[in-house]
Amino acid sequence: MTANTAPDAPDLLDLAPLGAGHFARIEDKIASLMRTRETVVTMQGEALLPLEAAIRSAVRPGSTALNIITGPYGETFGGWLRSCGAEVITISAPFSGAVGAEQVAEALRAHPEIDFVSLVHAEAATGNTNPVAAIGEVVRAHGALLMLDAVASVGAEPLLTDEWGVDLCVIGGQKAMAGPAGVSVVSVSARAWERIAANEQAPRRSYLSLLDWKERWIDGGRAALPHAPAQLEMLALEQAVDRIEEDGLEAVMARHRAAAAAMRAGVRALGGLSPYVVRDEDAAPVATTLRAPDGRDARDVVAAALAADASVPVQAAAGPLAKEMIRVNHYGLDADREVVLASLAALGEGLRALGVPVADAAAALTAAGKAWDAVIPG
Ligand SMILES: *Cc1c(COP(=O)(O)O)cnc(C)c1O
């Protein structure tokens, strides 16, 4: 160890190389977590890599894509779809809600030529979640491919990739899995591979290429890795899945559900703020977004809350929503009763410091605690 390394730092160097067999076992664990029997590709980068790879592999000039926008990631997908030469039909839902399967069915009826649908499951940035089971059914009936960004839902709420007919499902480890951000996985259905193989524009000999992984890794029986893997990230991803397995996926999802229920109940009892996502069933278990009090800037509320308790996972929304939306993250290790109550307490103190009238903080904490306990009885 060098003199610059903290004495309690984990040993990250000089590990035995991560072999193909171990890499394949990690993939199998993730596939099982994603409830898929289709092939998975573990891309050696953050989740935006497989999201872009999936779109560029499956979409080409002449494609018509239905892009469902319920938060900031959907907007990013629209740009990629257009740059692949696709005609893009857009459905936008207000970030305070979710898209409905009937809206999707209507768009598919109006544009029978749609052959690709992109959807985000849960949006950590805007706090909403979409009914993928119902949407998957109408997309499958229509015959289009369905790509799902499940980065913010995996581990936080049910994700049934095959049962829901998701052809390209992307996950990352950095949210509810409490794992690393540097590697991510996309499942690819047999239907999707057919489409990708027929796409002359699909990336090849490229970091964005799913076909490279298929030819060099999957078709060879996963016997030899195409290049040196991101070993530390892969090992961390394995530990994250193993820990979910040990704790039980149901229990991990229940913690996330309880966190959202507690935060929403607590804020309603507190006053001043209100849940940004109106209906409970549209609220993502991964994070709760809040509407700033009338005439107040959300960034001031966040600063006041952090002044009260700098440790809580409270932040202002990014981009154009920064003025009106406060985001309380409760994923991974923060899907925790104490963390949620501390976040609520800090928000209450912050509002009081700003002179915003709020109800008794103790009553709000009691309401939040009760909502948590209704999901996970103490
Ligand atoms: C977090 C997240 C990602 C990954 O983005 P990062 O900002 O790098 O964490 C992708 N999609 C969704 C829906 C997410 O919530």
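See the structure printed just above.
What comes next is a walk through the structure.

Cut-offs and rules
Residues numbered from 1 in each chain as written. Predicted model: local features only at pLDDT ≥ 70, side-chain atom pairs only at ≥ 80, totals over all residues. Heavy atoms only, no water. Near = heavy atom within 4 Å. Polar contact = N/O pair within 3.5 Å; in protein donor to acceptor, adjacent residues only side chain to side chain. Areas by Shrake-Rupley, 256 points an atom, 1.4 Å probe, with all protein chains shown as cover. Patch = residues over 30% accessible without salt bridge, like charges linked within 9 Å, V, L, I, M, F, W, Y side chains within 5 Å. Salt bridge = Lys/Arg side-chain N within 4 Å of Asp/Glu carboxyl O. Helix = DSSP H or I, 4+ residues; strand = E, 2+ residues; numbered from the N terminus. Buried < 20%, exposed > 50% of the residue type's maximum accessible area, 1.4 Å probe, protein only. Pairing = 2+ DSSP bridges. Axes fitted to C-alpha atoms, helices over the stretch in contact; angles between N-to-C directions. Parallel < 35°, antiparallel > 145°, perpendicular 65-115°, else oblique. Left-handed = near helix turned anticlockwise from the far one by under 90°. Contact = heavy atoms within 4.5 Å. Nonpolar A, V, L, I, M, F, W, Y, C, P; charged D, E, K, R; others polar.

## What about the site of the ligand?
Near the ligand, the surroundings consist of Glu46, Tyr73, Val120, Ala122, Ala124, Asp149, Val151, Ala152, Gln174 and Lys175. Between an oxygen atom of the ligand and a side-chain N or O atom of Glu46, the distance comes to 2.3 Å. One nitrogen or oxygen atom from the side chain of Asp149 is found 2.6 Å from a nitrogen atom belonging to the ligand. In the complex, 81% of the free accessible area of the ligand, which totals 380 Å², lies under the protein chains.

## Quick look at a nonpolar patch on the surface
Together, Leu12, Leu13, Leu15 and Leu232 give the surface a local cluster of nonpolar side chains, amounting to about 370 Å² of exposed area. Within the fold, Leu232 resides in helix α8 (residues 231-247). Take Leu232: its relative accessible area is 40%, and that puts it in the partly exposed class.

## Observations regarding the sheet that holds strand β7 (residues 184-188)
A sheet is described by the order of its strands in space; here seven strands give the open sequence β1-β7-β6-β5-β4-β2-β3, paired in mixed fashion. The two strands at the open ends of the sheet, each matched to only one other strand, are β1 (39-43) and β3 (87-92). Along the sheet, successive strands turn relative to each other by an average axial angle of 20°, direction set aside. In this structure, strand β5 (residues 145-149) lies alongside strand β6 (residues 168-172), joined through three bridges in parallel fashion. By the bridge assignment, Asp149 is partnered in β6 with Val170.

## Remarks on the packing of helix α11 (residues 337-353) against helix α12 (residues 361-375)
Relative orientation of the contacting elements α11 and α12 amounts to 155°, with a least axis distance of 10 Å. In this view, α11 runs roughly antiparallel relative to α12, as classed from their interaxial angle. Viewed along their axes, α11 and α12 form a crossing whose handedness is right-handed. Contacts between α11 and α12 involve Arg337, Val340, Leu341, Leu344, Ala345 and Arg352 on the former and, on the latter, Ala361, Ala364, Leu365, Ala368, Gly369, Trp372 and Asp373. A breakdown of the residues in the contact of α11 with α12 according to their chemical character gives nine nonpolar, one polar and three charged.

From the geometry alone we can't say anything about function, so treat these as descriptive.
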